[in-house]
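Residue-level listing of the chains:
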Amino acid sequence: MAEVKAEFKQAGEALEPFQGERRKIIQPACLNDPKLAKLKEVLVEWINRTLKSEHIVVQSLEEDLFDGLVLHHLLRRLAGVRLDVEEIALTSAAQVRKLEVILQAFDENLGLSPEPDTTAKWNVKMIHSRDLLATLHLLVAIAKRYQPDLALPPNVSVEVVSFEVHKSGIKSDKQMEYITTQSDDTDGQTNSVSVSLSNPCISEHIQQACLICVTPFLTEEDPIDELLKLDAHKIATVKKAILHFVNKNMSPLRLQVADLEKQFADGVILLLLIGQLEGFFIPLSEFYLSPDGHSEMLHNVSLALDLLNDREIQVSNVDPDDIVSQDVSATLKVLYALFKKHKNK
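None of the values given here were measured: they were computed from a predicted structure.

Scoring rules and cut-offs
- Residues numbered from 1 in each chain as written.
- Predicted model: local features only at pLDDT ≥ 70, side-chain atom pairs only at ≥ 80, totals over all residues.
- Heavy atoms only, no water.
- Helix = DSSP H or I, 4+ residues; strand = E, 2+ residues; numbered from the N terminus.
- Buried < 20%, exposed > 50% of the residue type's maximum accessible area, 1.4 Å probe, protein only.
- Contact = heavy atoms within 4.5 Å.
- Areas by Shrake-Rupley, 256 points an atom, 1.4 Å probe, with all protein chains shown as cover.
- Salt bridge = Lys/Arg side-chain N within 4 Å of Asp/Glu carboxyl O.
- Phe/Tyr/Trp six-rings, centres within 6.5 Å; stacked < 30°, edge-to-face > 60°.
- pLDDT = per-residue confidence, 0-100.

A. Up close: the overall build of the chain. Across its full length, the chain holds 16 helices and three strands. Counting the 345 residues in the chain, one finds 46% classified as buried. Counted over contacts in the chain with a minimum sequence separation of 6, partners at least 24 positions apart contribute 64%. Within the structure as shown, the chain displays about 17,500 Å² of accessible surface, and the carbon and sulfur contribution to it stands at 49%.

See below:
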């Protein structure tokens, strides 16, 4: 941990090993889109029909395809390709080796030429890390090739944030990415849906008023515990002020927060926010940008709290597990500590 913290203090040096690294994440709010849910449902049902005779049942696209087993059977069933790979790969290394062979075979059968990892819609690393966007792109391509009459819902899109590491820091871009074909009435509109967050959703004077009215409600001893004893409208005012503070400082990364409890639970936005406010770069290799499961979320949040402690930003009575479990009091304590130090930014 000491070496990591030392690396944070020398942002220029820290960025060097990660030059050119690119990652892409789906905005969490998009995961509840009914069109996206319908696409996932159609693909799951299609896979289960296709592999019914082999007694394979898929329930989750993220959890059931990453190890290569289902993709292996789809390749054999749909393309008639038999590969000399392990039927069941138990270790992570074996799964990666299996995916390399399977995805190469799929790409060849789909008529795709090799693409750099920075531009490919899917690759071994993405699929194995349970990247939903990459998995959907792959399955849609397979379905179109081998069952073109499958009724995939049109115009399914998600808002994504792309990160790329440069010498000066992280460059980000926010845009809509289509997973299924656009219907005729939306042609030509792809470029018009890019969203900028440089302008706040609420006028500047309202935002400033919200920020000013936070502190009179709170005491120094345990301000958030005191806050949660206040009237509901005062709690809402403080939460709104902190939310505006977060979004104002996350706008350079084109990220927006709508739900304070849920969107900080995996630690990703919290780490990015700390880096923005404190002025250092957190190497992407030190945390999970797309955490899978409780342990990876806990790693992210623990790192965030360690960084706050290192910067002498005091947060009392907060355990990493509290934030992962979406405890509103714990999350607000951390965000209020950051707000209190950086509210004039």
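Still to come is the rest of the account.
B. Highlighting the pattern of salt bridges. Under the defined criterion, the tally for this structure stands at seven salt bridges. Taking the shortest distance from any N to any O, the salt bridge between Asp292 and Arg130 comes out at 2.9 Å. Taken together, the residues span a long stretch of sequence, with Asp292 in the loop between helix H13 (268–278) and helix H14 (294–310) and Arg130 in the loop between helix H7 (124–128) and helix H8 (132–146) at a distance of 162 residues. Asp292 sits in the partly exposed class, given a relative accessible area of 23%.

C. Molecular detail of the packing of aromatic side chains. The full count for this structure, using the stated rule, is two aromatic pairs. Plain terms: the ring middles of Phe245 and Phe339 are 5.4 Å apart, the flat faces sit at 80° to each other, and that makes the pair edge-to-face. Here Phe245, found in helix H11 (residues 232–250), pairs with Phe339, found in helix H16 (residues 328–342); they are 94 residues apart in sequence, far enough to count as distant. Arranged with centres 5.9 Å apart and planes meeting at 40°, the rings of Tyr336 and Phe339 form a pair that is tilted. Linking Tyr336 with Phe339, this pair stays in helix H16, spanning three residues, or about one helical turn. Considered together, Tyr336 and Phe339 belong to a single accessibility category, that of buried residues. Aromatic rings pair up to connect Phe245, Tyr336 and Phe339 into one cluster.

D. Highlighting the confidence of the model for the chain. The pLDDT averaged across the chain works out to 77; a share of 73% of its residues lies at or above 70. The least confident element of the chain, judged by mean pLDDT, is helix H9 (residues 204–212) at 42; the most confident is helix H3 (residues 34–50) at 93.

E. Structural context of unusual backbone geometry. The phi torsion at Arg130 lies on the positive side, around 65°, for a residue other than glycine. Even without glycine at this site, Gln326 takes up a positive phi of about 65°. Looking at the element boundaries, Gln326 is found in the loop between helix H15 (320–324) and H16.

F. Expanded view of helix H5 (residues 69–79). Every buried residue of H5 is listed here: Val70, Leu71, His72, His73, Leu74 and Leu75. Lining the buried residues of H5 we find H3, helix H4 (61–64), helix H6 (92–109), H7 and H8.

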